[in-house]
Amino acid sequence: MTVLTEIDHVAIAVHDLEAAIAYYHDTFGCEVAHREIVEREGVEEALLKVADSYIQLLTPTRDDSPVAKALATRGEGLHHIGYRVGDCAAALARVKAEGHHVIDEEPRPGSRGTTVAFLHPKAAFGTLIELVQE
Ligand code: CO
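The sections below set out a description of the structure shown in this document. (Residues numbered from 1 in each chain as written. Predicted model: local features only at pLDDT ≥ 70, side-chain atom pairs only at ≥ 80, totals over all residues. Heavy atoms only, no water.)

### Description of the overall build of the protein chain
So, step 1. Regarding its fold elements, the protein chain presents 3 helices and 8 strands.
So, step 2. Its helices and strands in sequence order give the protein chain the pattern β-α-β-β-β-α-β-α-β-β-β, from N to C terminus.
So, step 3. The C-alpha atoms of the protein chain give a radius of gyration of 15 Å, which matches the 14 Å a tight globule of 134 residues would have.
So, step 4. Projecting the C-alpha coordinates of the protein chain onto the three principal axes gives extents of approximately 45 × 30 × 25 Å.
So, step 5. Across the 134 residues that make up the protein chain, the buried fraction comes to 43%.
So, step 6. Considering only contacts in the protein chain between residues 6 or more positions apart, those separated by 24 or more positions represent 53%. (Helix = DSSP H or I, 4+ residues; strand = E, 2+ residues; numbered from the N terminus. Rg over C-alpha atoms; globule rule 2.2 N^0.38 Å. Buried < 20%, exposed > 50% of the residue type's maximum accessible area, 1.4 Å probe, protein only. Contact = heavy atoms within 4.5 Å.)

So, in structure tokens, the structure goes:
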């Protein structure tokens with residue numbers, strides 16, 4: 001049985017958050033459901049709701065942010081996928097028990113009151129995975 005209950009969000013790194021919001025609004029009619037600056041991560045995000053999931057547009061707020069580094073090395077585009085789980089700590093423990101490399105050894109606070117943990121992309125076939133507990 002899978003511990004993943006939903007795609008929580010697809011995160012896309014962009015240089016110009018307002019331009020990306022306008023693109024999704026004008027092209028697909030998407031509205032911003034939530035906006036937040038996460039100082040610890042050095043990012044500003046805009047969440048666009050699609051059914052029970054979100055498109056998460058991300059832009060850096062400072063040069064040493066991980067998203068700034070991703071933009072500098074890989075350019076704009078898909079940054080990570082957030083998979084929703086019922087219990088982030090249990091899901092993370094299972095990943096570690098399987099011997100897979102993780103970025104967050106313990107769950108931590110995410111945006112909009114969630115609890116999250118990032119897994120290492122090199123252990124996950126090239127995709128940066130975020131476990132998200134609402
Ligand atoms: Co995320």
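The discussion continues.
### A look at helix 1 (residues 17-28)
So, step 1. With 12 residues, helix 1 should reach 16 Å at 1.5 Å per residue; the first-to-last C-alpha distance of 16 Å fits that figure.
So, step 2. If you check which residues of helix 1 are buried, you get Leu17, Ala20, Ile21 and Tyr24. In an axial view of helix 1, the angular spread of the buried residues amounts to 100 degrees, which keeps them on one side of the axis.
So, step 3. If you follow the buried residues of helix 1, they end up packed against strand 1 (4-13), strand 2 (32-38), strand 3 (43-50) and strand 4 (53-60). (Expected span 1.5 Å × (residues − 1). Arc of directions from axis to C-beta.)

### Some thoughts on the coordination of the cobalt ion
So, step 1. Bound to the cobalt ion are the protein donor atoms His9 (NE2), His80 (NE2) and Glu130 (OE), situated 1.9 to 2.1 Å from the metal.
So, step 2. Taken in sequence order, the residues that donate to the cobalt ion follow the motif H-x70-H-x49-E. Separated by 71 residues along the polypeptide, His9 in strand 1 and His80 in strand 5 (residues 77-85) bring together distant segments of the chain. Comparing His9 with His80 shows no difference in burial state: the two are buried. (Donors = N, O, S within 2.8 Å, 3.2 Å for Na, K, Ca; no water.)

### Describing the sheet that holds strand 7 (residues 115-119)
So, step 1. One open sheet accounts for 8 strands, arranged 2-3-4-1-5-8-7-6; its pairing is mixed. Each of the sheet's edge strands pairs with one partner strand only, and the pair in question is strand 2 and strand 6 (108-109).
So, step 2. Judged from the 5 bridges that link them, strand 1 and strand 4 form a sheet pairing that is parallel. Looking at strand 4, one finds that Ala11 is bridged to Gln56.
So, step 3. Packing against the sheet, helix 2 (residues 66-74) makes contact with strand 1, strand 3, strand 4 and strand 5, and its axis sits at approximately 85 degrees to strand 4. (Pairing = 2+ DSSP bridges. Axes fitted to C-alpha atoms, helices over the stretch in contact; angles between N-to-C directions.)

### Examining the layout of surface pockets
So, step 1. If you add up the space inside the largest pocket, you get close to 580 Å³.
So, step 2. Taken together, the residues of the lining of the largest pocket sort by class into 15 nonpolar, 10 polar and 8 charged.
So, step 3. A volume near 210 Å³ is recorded for the second largest pocket.
So, step 4. Along its surface, the second largest pocket is lined by Arg94, Val95, Glu98, His100, His101, Leu119, His120, Ala123, Ala124, Phe125 and Ile129.
So, step 5. Tallied by class, residues from the lining of the second largest pocket come to 6 nonpolar, 3 polar and 2 charged. (1 Å grid on protein atoms, 1.4 Å probe; cavity = no way out; pocket = protein on both sides within 12 Å on 5 of 7 lines; lining within 4 Å. Points joined across faces, edges and corners; volume = space filled by probe spheres on them. Nonpolar A, V, L, I, M, F, W, Y, C, P; charged D, E, K, R; others polar.)

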